[in-house]
Amino acid sequence: MRIAVIDETEATAQLGALAEILMQSIENGALVGFVLPFSAEQALSYWRDLFRSVAEGERLLICAYLDDNLVGTVQLYLSPEPNALHRAEVYKLLVHRSFQRQGIGSALMAAVEDEARKRKRSLLLLDTAEGGASERLYRRMNWREVGVVPHHFVDPFGKPRASIYFMKHLQL
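A brief structural summary. The structure presented is a predicted model; accordingly, all values stated were derived computationally and were not measured.

Concerning the nonpolar core
Stage number 1. Counting residues in each nonpolar core, the largest one holds 26 residues, and the members touching the most others are L76, M109 and W143.
Stage number 2. When residues of this core are traced back to their parent elements, those giving at least two are β2 (59–66), β3 (69–78), β4 (87–95), α4 (104–118), β5 (123–129), α5 (133–140) and β7 (160–169).
Stage number 3. Sorting elements by how many residues they give to this core places α4 first, with 6 residues.
Stage number 4. Not counting the four nearest positions on each side in its chain, W143 is found in contact with V90, M109, E113, L124, L125, L126, Y138, F166, M167 and K168.
Stage number 5. In this structure, A11, F38, C63 and Y65 belong to the second largest nonpolar core, which totals 24 residues.

Printed below as a string of structure tokens:
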């Protein structure tokens, strides 16, 4: 497995794979901001819009590859505010359904922590759906729960779900 921070050019080259992983995740019920029905065009549009953030350097797009095939991704948003340069937020940990439960999510999250340290970010924040596989992963990786918000989102099928907020302090 190869983990890499990709730039806008590589992200554009991987647009189809990124869109497929996003669509699969939503179809499988992931709370990543979208509801069904969710089209390929919506997925492509989401990624194209995100590439601007990558190009501007405010967001890292970290990807996992197996045999040069993109199989997972996660984002690290680097807070630009002058009073928050020590902090970053983790968004949309997604792994292709054919490659789940193979350590790819853990590898991507380890890369998030490494990249945050390189950029002197000592506090990481994220939220996830209560009761999901991601929650279990974050707990295994020693993220600390800081709160639960009942009925914070609806899942892709329209069912209200609670979100759990996590944080992690990193040693620089």
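Digging into the sheet that holds β7
Stage number 1. The strand order across the open sheet formed by 7 strands is β1-β2-β3-β4-β5-β7-β6, and the pairing between neighbours is mixed. Whereas interior strands pair on both sides, the edge strands pair on one side only; in this sheet they are β1 (2–6) and β6 (144–154). Across the sheet, the mean angle from the axis of one strand to that of its neighbour is 25 degrees, orientation sign disregarded.

Describing the pairing of β4
Stage number 1. The pairing of β3 with β4 spans 6 bridges and is classified as antiparallel. Its bridge partner lying in β4, T73 is registered against L94.
Stage number 2. Looking at chain direction, β4 and β5 are connected through 3 bridges and run parallel. Residue pairing in the sheet places E89 in a bridge with L125 of β5.
Stage number 3. Taken together, β4, α4 and β5 constitute a β-α-β crossover, and its handedness is right-handed.

Parameters at a glance
- Residues numbered from 1 in each chain as written.
- Predicted model: local features only at pLDDT ≥ 70, side-chain atom pairs only at ≥ 80, totals over all residues.
- Heavy atoms only, no water.
- Core = buried A, V, L, I, M, F, W, Y, C linked by side-chain atoms within 4.5 Å.
- Buried < 20%, exposed > 50% of the residue type's maximum accessible area, 1.4 Å probe, protein only.
- Helix = DSSP H or I, 4+ residues; strand = E, 2+ residues; numbered from the N terminus.
- Contact = heavy atoms within 4.5 Å.
- Pairing = 2+ DSSP bridges.
- Axes fitted to C-alpha atoms, helices over the stretch in contact; angles between N-to-C directions.
- Right-handed = clockwise from strand over helix to strand, strands pointing away.

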